[in-house]
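Geometric and topological summary
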Amino acid sequence: MEFVINFERRPDVPLYRSLATAIKSAISDGRLRPGEKIPSVRVLCELANVSRNTAHQCYQTLIDEGCIEAIVGKGAFVRKSLAHAADTGGKSIVAPAEEKQLIETIRQTPMIETVLRLEADVLSHQKTAQALKHQMPSLADLPLHAIKRAMAKHARFEDPSLLAYSGDPFGHPKLREAICKYVLRARAIKCSPEQIVITSRPSQQMLDLFCRLFLTHGDLVAVEHPGYSQPRQIFELHNARILPIPVDDDGLQVAALTALEKPINMVYVTPSHQDPTGAILSLSRRKQLVAWAQQSNATIWEDDVENEYRYGSEPIPALYALDSGNHVIYQSTFWRSLCPLIRMGFVILPANMSTEIVRAAKYMLDRDLPIIEQLVLADLIDEGHFERHVREMRKKFTSRRQTAMHGLTMTLNGLLNINRNTSGLHLRALFDAQIPRELILHCGQISGLSITGTQAYYLNGAPQNEFLIQFAHIEEDELKKQIELFASQLKSAFKMQVEASIHAQIFTPPVANSNCLT
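Here's a quick rundown of the structure. (Residues numbered from 1 in each chain as written. Predicted model: local features only at pLDDT ≥ 70, side-chain atom pairs only at ≥ 80, totals over all residues. Heavy atoms only, no water.)

Now for the sheet that holds strand S9 (residues 328–333). In spatial order, the strands read S3-S10-S9-S8-S7-S4-S5-S6; together these eight strands make up an open sheet with mixed pairing. Each end of this open sheet is capped by a strand with a single partner; those strands are strand S3 (196–199) and strand S6 (251–252). With respect to the sheet, helix H8 (residues 173–187) is in contact with S3, S9 and strand S10 (345–348), its orientation differing from that of S3 by roughly 110°. Along the sheet face, helix H12 (residues 283–296) touches strand S5 (241–248), S6, strand S7 (264–269) and strand S8 (299–303) and points at about 155° away from the line of S7. (Pairing = 2+ DSSP bridges. Helix = DSSP H or I, 4+ residues; strand = E, 2+ residues; numbered from the N terminus. Contact = heavy atoms within 4.5 Å. Axes fitted to C-alpha atoms, helices over the stretch in contact; angles between N-to-C directions.)

This next bit is on a nonpolar patch on the surface. A cluster of nonpolar side chains, contributed by Leu213, Phe214 and Ile357, occupies part of the molecular surface with about 240 Å² of accessible area. In this fold, Leu213 is placed in helix H9 (residues 204–214). (Patch = residues over 30% accessible without salt bridge, like charges linked within 9 Å, V, L, I, M, F, W, Y side chains within 5 Å. Areas by Shrake-Rupley, 256 points an atom, 1.4 Å probe, with all protein chains shown as cover. Salt bridge = Lys/Arg side-chain N within 4 Å of Asp/Glu carboxyl O.)

With that settled, the discussion passes to the nonpolar core. Counting residues in hydrophobic clusters, the biggest one holds 49 residues, and the most contacted among them are Ile179, Leu257, Leu289, Ile300, Phe346, Ile348 and Ile381. Sort the elements by how many residues they give to this core and H8 lands first, with six residues. Sequence-distant contacts of Leu257, defined by excluding residues within four places in its chain, comprise Ala222, Ile245, Leu252, Ile264, Val267, Leu289 and Trp292. Ala472, Leu479, Phe486 and Phe494 belong to the second largest nonpolar core, which has 32 residues in total. (Core = buried A, V, L, I, M, F, W, Y, C linked by side-chain atoms within 4.5 Å. Buried < 20%, exposed > 50% of the residue type's maximum accessible area, 1.4 Å probe, protein only.)

This part covers the side chain of Asp303. Mapping Asp303 onto the fold places it in strand S8. Of the buried charged residues, Asp303 lacks a salt bridge, with Arg336 as the closest side chain of opposite charge at 7.8 Å. Here Tyr268 takes part through its side chain, which lies 2.4 Å from a polar atom of the side chain of Asp303. With sequence-adjacent residues up to four places away left out, Asp303 is seen in contact with Tyr268, Val269, Thr270, Pro271 and Gln331. (Lys, Arg positive; Asp, Glu negative; His and termini not counted. Polar contact = N/O pair within 3.5 Å; in protein donor to acceptor, adjacent residues only side chain to side chain.)

Our next topic: helix H3 (residues 52–64). Compared with an ideal rise of 1.5 Å per residue, which puts 13 residues at 18 Å, H3 spans 18 Å between its outermost C-alpha atoms and is within 8% of the ideal. Burial in H3 covers these residues: Thr54, Ala55, Cys58, Tyr59, Thr61 and Leu62. Buried residues along H3 cover an arc of 155° about the axis, so they all sit on one side. Structural note: H3 exposes Asn53 and Asp64 on the side pointing more than 90 degrees away from its buried face. Buried residues along H3 sit in contact with helix H1 (15–28), helix H2 (41–48) and strand S1 (68–71). (Expected span 1.5 Å × (residues − 1). Arc of directions from axis to C-beta.)

A few words on the packing of H8 against helix H16 (residues 371–382). Direction vectors running N to C along H8 and H16 enclose 35°, while the axes themselves pass 9 Å from each other. The way H8 lies across H16 gives a crossing that is left-handed. For the pair H8 and H16, contact is made by Lys174, Leu175, Ala178, Ile179, Tyr182 and Arg185 and by Gln374, Leu375, Leu377, Ala378, Asp379, Ile381 and Asp382, respectively. When the residues that make up the contact of H8 with H16 are grouped by side-chain class, the tally is eight nonpolar, one polar and four charged. (Left-handed = near helix turned anticlockwise from the far one by under 90°. Nonpolar A, V, L, I, M, F, W, Y, C, P; charged D, E, K, R; others polar.)

Turning our attention to unusual backbone geometry. Residue Pro226 follows His225 across a cis peptide bond; omega there is 0°. As for its position among the elements, Pro226 is in the loop between strand S4 (220–225) and helix H10 (229–237). Going from Asp275 to Pro276, the amide bond is cis rather than trans, its omega being 15°.

One open sheet accounts for four strands, arranged S11-S12-S14-S13; its pairing is antiparallel. Where the open sheet ends on each side, the last strands, each with one partner, are strand S11 (416–418) and strand S13 (451–453). Averaged over all pairs of adjacent strands, the angle between their axes in this sheet comes to 30°, without regard to strand direction. Bridge count between S13 and strand S14 (residues 466–470): three bridges; the pairing is antiparallel. Within the sheet, the bridge partner assigned to Gly453 lies in S14 and is Phe467.

Where like charges cluster on the molecular surface, the negative patch consists of Glu177, Glu194, Asp382 and Glu383. Tracing the chain through its elements places Glu383 in the loop between H16 and helix H17 (385–411). Residue classification places Glu383 among the partly exposed positions, given a relative accessible area of 44%. (Charge placed at Lys NZ, Arg CZ, Asp CG, Glu CD.)

To continue, consider the pairing of S4. The side chains of a regular strand alternate, residue by residue, between the two faces of the sheet. In terms of burial, S4 is a largely internal element, six of the six residues being buried. Burial along S4 is two-sided: the residues Leu220, Ala222 and Glu224 and Val221, Val223 and His225 are all buried. Here S4 runs beside S5; their pairing, made up of six bridges, is parallel. Looking at S5, one finds that Leu220 is bridged to Arg241. This β-α-β element, S4 to H10 to S5, shows right-handed connectivity. Sheet topology note: the S4/S7 ladder contains four bridges and is parallel. Across the sheet, Val221 pairs through a bridge with Met266, a residue of S7. (Right-handed = clockwise from strand over helix to strand, strands pointing away.)

Turning our attention to the pattern of salt bridges. Scanning the entire structure with this criterion turns up 21 salt bridges. Its salt-bridge partner being Glu69, residue Arg79 comes within 3.9 Å of it at the nearest N-O pair. Residue Arg79 is located in the loop between strand S2 (75–78) and helix H4 (96–105), and its partner Glu69 is located in strand S1; the two are separated by 10 residues in the primary sequence. Taking relative accessible area as the criterion, Arg79 reaches 31% and is therefore assigned partly exposed. For Glu69, a relative accessible area of 28% gives the class partly exposed. A salt bridge links Lys396 to Asp141, with the shortest nitrogen-to-oxygen separation between them at 3.1 Å. With Lys396 in helix H17 and Asp141 in the loop between helix H6 (119–131) and helix H7 (144–154), this pair connects stretches of sequence that are 255 residues apart. Relative accessible area serves as the criterion here: at 32%, Lys396 is assigned to the partly exposed category. Using a relative accessible area of 2% as the deciding quantity, one classes Asp141 as buried. Bridged by salt links that share partners, the residues Asp141, Lys396, Arg400 and Glu475 form one connected network.

And the structure:
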């Protein structure tokens, strides 16, 4: 056990007493928590460079003072009864006023100024992700048997080269080859493994790297509005100018983009599932967008999030597959399908992009990807487990989606309108504008239903009655119970508010007219 013991050797204080005082300080400041095992006598002798007799005396003193307890055959532990004294141990609690003063003392670089300006937007995104439970699947929904078998196989490390310190920053060749074949089947994308970059974080990493390499201060970047906030925050961190483009039932309004007649450097688009509307970019608009990019010499960043989960609609080729002019960068992730066991994503670079520049930059920032996870994922793809898992999940999610739509419509008829989007892992609902937003959120919390507002997706003009309701990773029986409880709580509370309002209007005495003659 590694543990830092900071004590002073003083001639006027017994050594065991100084050592005991140091350990008590470690308990009080949270470095040793209640119930946690403390170093053995032998280890304490090595750490503090003291004799066994001194270590024994130290621990006996702590036992006598009620700080630790010895359990035969197990060792010595911090007493659990000290938990109340360690509730804030190890935490730095800074008052808002002190935090503001602390920030003012930090050198205000342009990046820090941008981060501070975006702080409210970032916190709003975090709350949205937490409320939707970040689309986390249950273990029952994961191909655990295939994953465990592949992990056991590759954990043997029969190939010693896998343990090399520095691998290819683009990822293991076997995984890139597997993805190359997969996207050709599933997304009609023709590319080579050399164009594929594996990322350890699902989406933000390569977008941030691209901005560092290819965007300069003041470049124009078009984004969907409303739309996912994290990409927008990354663009703003790199001092790009944001151009919000409206969306409708067919996705990004390409006509609004082309009508701007501005030197746009890049457009960020989610064609398979626009967040939060759930719209799928139509084939005609995909072709228009690619043609505009080729004509304008602009780059399209295609975030193909949740392309696996569509309900009743035919798959549409990716923008990358429609582009013959090398203007599309394709991004996807295994987060939605295999989280939390596999969190990796990938990017496909255009054929004409200098892969060596990107490779060198990624090598500087993130050159070591998890080896076993890459090989496991490659096996899942090559052996067909991943696509079989996606098909099974699509069937489950289709049924759960129908259950959620039917339950909400039947129990809250007239109080909400559900958007009939055909993709994604949540529903978009517009509630009666008279129902307070806080009441909807409160009833969702009581019932356990994952529901959140869409304010984080808007730059401005966010509707107060628009909400996202997560349905995908909840068993149908539990989903029905949550919806019934939510509807019951909401209708009851709303009825009480309406009755209270009517009562107040009836019994509130009229305001005296000061102009009346007495």
